[in-house]
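Analysis of the macromolecular model
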Amino acid sequence: MRRFCLILTLCLPVCMMAQQETLRETVGNYFHIGCAVNSSIVQATDSKANELVRTQFNSIVAENCMKAEHLSPREGEWNWAEADAFVAFGEANHMQIIGHCLVWHSQTAEWMFRDKNGKEVSREVLIQRMRWYIRTVVGRYKGHIAGWDVCNESFEDDGTRRQSPWQRIIGDDYIELAYRFAHEADPDAELYYNDYSMSVPAKYNAVCEMVKSLKAKGLRIDAVGMQSHNGLTWPKLVEYDRAIDAIAATGVKVIISELDMNVLPNPDSFSGAEVSQQFEYSAKMDPYANGIDKRTQDLFGERWQAFFYLYRHHCHQIARVTFWAVGDADSWLNDWPIPGRHAHATLFDRDYNPKPFLKEIIKMYK
């Protein structure tokens, strides 16, 4: 199977190969190639990004419009407009559409966990609210969403359970319940787990045990998303490679999710991809405000090619590779963990032009 993946496009007619000059037409022969999109892209307010998404990618994921605090900021209140537009955009352009995310400790409105007096709700009440929320959201898009990130970031880097309100109030079985409710709402949708620091052995081993436990109970889980907020020196490729094999050995596919590469320096106390981290801006921490230097750009390109070579090697285990931005201007790293910086995190610059090394990645997959 691996050999077949590696030579898949070599059998194509020469005339067809000559036309394959986009990620969608080359990398997309091995696995879905996707990106996170925001409302300005969907509504074509950002026309360049809109065009780039439609020509380069065959899969999209909702960056923010399907997160719980956006869909339901207050009990009984629903904001469907942006999520509906996201789904319509994907269907109009014949893309795989991914929902993100149903159960997360962050970006969930506080009403979900508290009663009208501000006290934490009981286990029974939170289970009822989880079931109602998942059935409402997944049910609305039944038949339109290919797959859902059901639980997001449920583990710490040491492999212990994150003490989120879901974990604290419901207990260990909240993950099992979430997958059960999602499958009941749309039996045909794929279900995923998504987390960062997934090249850390303690973490991916804990996730693998969770996957095996769900499968043993007859619950559906199709893939694990390795959030890949990579850097020039981390993670080590050998550790990343082992993590892919370990996850695939549980009988599910691997998704390279939230992919980008951070070339900016990190604060001393920075760790992982926890979204609550925030530090003050300083020019010292924003060294590429006027553009990236050639040496760093060369290292950046070599690093990207190394990852894509690894993805091709694992194509029989990988279902999708999804960038967490379209171009540098869209990247969340412009404002996290330090607001106001200038990220250079993707394959396309701030004007959505391809970076010089992109042609090498496309050549690799041709």
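Quick note: structure is the one above.
Residues numbered from 1 in each chain as written. Predicted model: local features only at pLDDT ≥ 70, side-chain atom pairs only at ≥ 80, totals over all residues. Heavy atoms only, no water.

What about the sheet that holds strand β6 (residues 223-231)?
- Pairing is parallel in the closed barrel, where eight strands are placed in the order β1-β2-β3-β4-β5-β6-β7-β8. Each neighbouring strand pair of the sheet contributes to a mean axis angle of 30°, computed without reference to strand direction.
- Examined bridge by bridge, strand β3 (residues 96-104) and strand β4 (residues 147-152) share five bridges and lie parallel to one another. Bridge pairing in β4 links I98 to G147.
- Together, β6 and β7 (253-262) form the strand contacts of helix α11 (residues 237-248), whose direction differs from that of β6 by roughly 170°. (Pairing = 2+ DSSP bridges. Helix = DSSP H or I, 4+ residues; strand = E, 2+ residues; numbered from the N terminus. Axes fitted to C-alpha atoms, helices over the stretch in contact; angles between N-to-C directions. Contact = heavy atoms within 4.5 Å.)

Digging into the packing of aromatic side chains
- Following the criterion strictly, the structure yields 21 aromatic pairs and no others.
- Here the aromatic rings of W78 and W80 are separated by 4.8 Å at their centres, their planes lie at 5°, and the arrangement is stacked.
- For W80, a relative accessible area of 16% puts it in the buried group.
- Members of the aromatic cluster, each reached through a chain of ring pairs, are Y30, F31, F57, Y240, F300, W304, F307, F308, Y311, F323, F357 and Y365. (Phe/Tyr/Trp six-rings, centres within 6.5 Å; stacked < 30°, edge-to-face > 60°. Buried < 20%, exposed > 50% of the residue type's maximum accessible area, 1.4 Å probe, protein only.)

Topic: helix α7 (residues 123-140)
- Over its 18 residues, α7 runs 26 Å from end to end, which matches the ideal 26 Å to within 8%, given 1.5 Å per residue.
- Among the residues of α7, L126, I127, R129, M130, Y133, I134, V137 and V138 are the ones counted as buried. Down the axis of α7, the smallest arc covering the buried residues is 165°, so these residues share one side.
- Contacts from the buried residues of α7 go to α5 (68-71), β3, β4, α8 (165-170) and α9 (174-185). (Expected span 1.5 Å × (residues − 1). Arc of directions from axis to C-beta.)

Regarding the packing of helix α12 (residues 294-313) against helix α13 (residues 358-365)
- It is at 10 Å that the axes of α12 and α13 come closest, and there the two elements cross at 15°. Classified by the interaxial angle, the pair formed by α12 and α13 is roughly parallel. As for the relative orientation of α12 and α13, their crossing is right-handed in sense. Where α12 abuts α13, its residues W304, Q305, F308, Y309, Y311 and R312 lie against E360, I361, M364 and Y365.
- Of the residues that constitute the contact of α12 with α13, the class distribution is seven nonpolar, one polar and two charged. (Parallel < 35°, antiparallel > 145°, perpendicular 65-115°, else oblique. Left-handed = near helix turned anticlockwise from the far one by under 90°. Nonpolar A, V, L, I, M, F, W, Y, C, P; charged D, E, K, R; others polar.)

Description of the state of the cysteines
- Evaluated as defined, the whole model comprises zero disulfides.
- Free of any disulfide, C151 has its nearest neighbouring cysteine sulfur in C101, separated by 9.1 Å. (Disulfide = S-S within 2.5 Å.)

Quick notes on the side chain of K67
- Mapped onto the elements of the fold, K67 is located in the loop between β2 (59-62) and α5.
- Here K67 is buried and forms no salt bridge, its nearest opposite-charge partner E63 lying at an N-O distance of 6.7 Å.
- A polar side-chain atom of K67 sits 3.1 Å from the main-chain carbonyl oxygen of E63.
- Those residues in contact with K67 that sit more than four places away from it in its chain are H100, C101, W104, Q107 and Y133. (Lys, Arg positive; Asp, Glu negative; His and termini not counted. Salt bridge = Lys/Arg side-chain N within 4 Å of Asp/Glu carboxyl O. Polar contact = N/O pair within 3.5 Å; in protein donor to acceptor, adjacent residues only side chain to side chain.)

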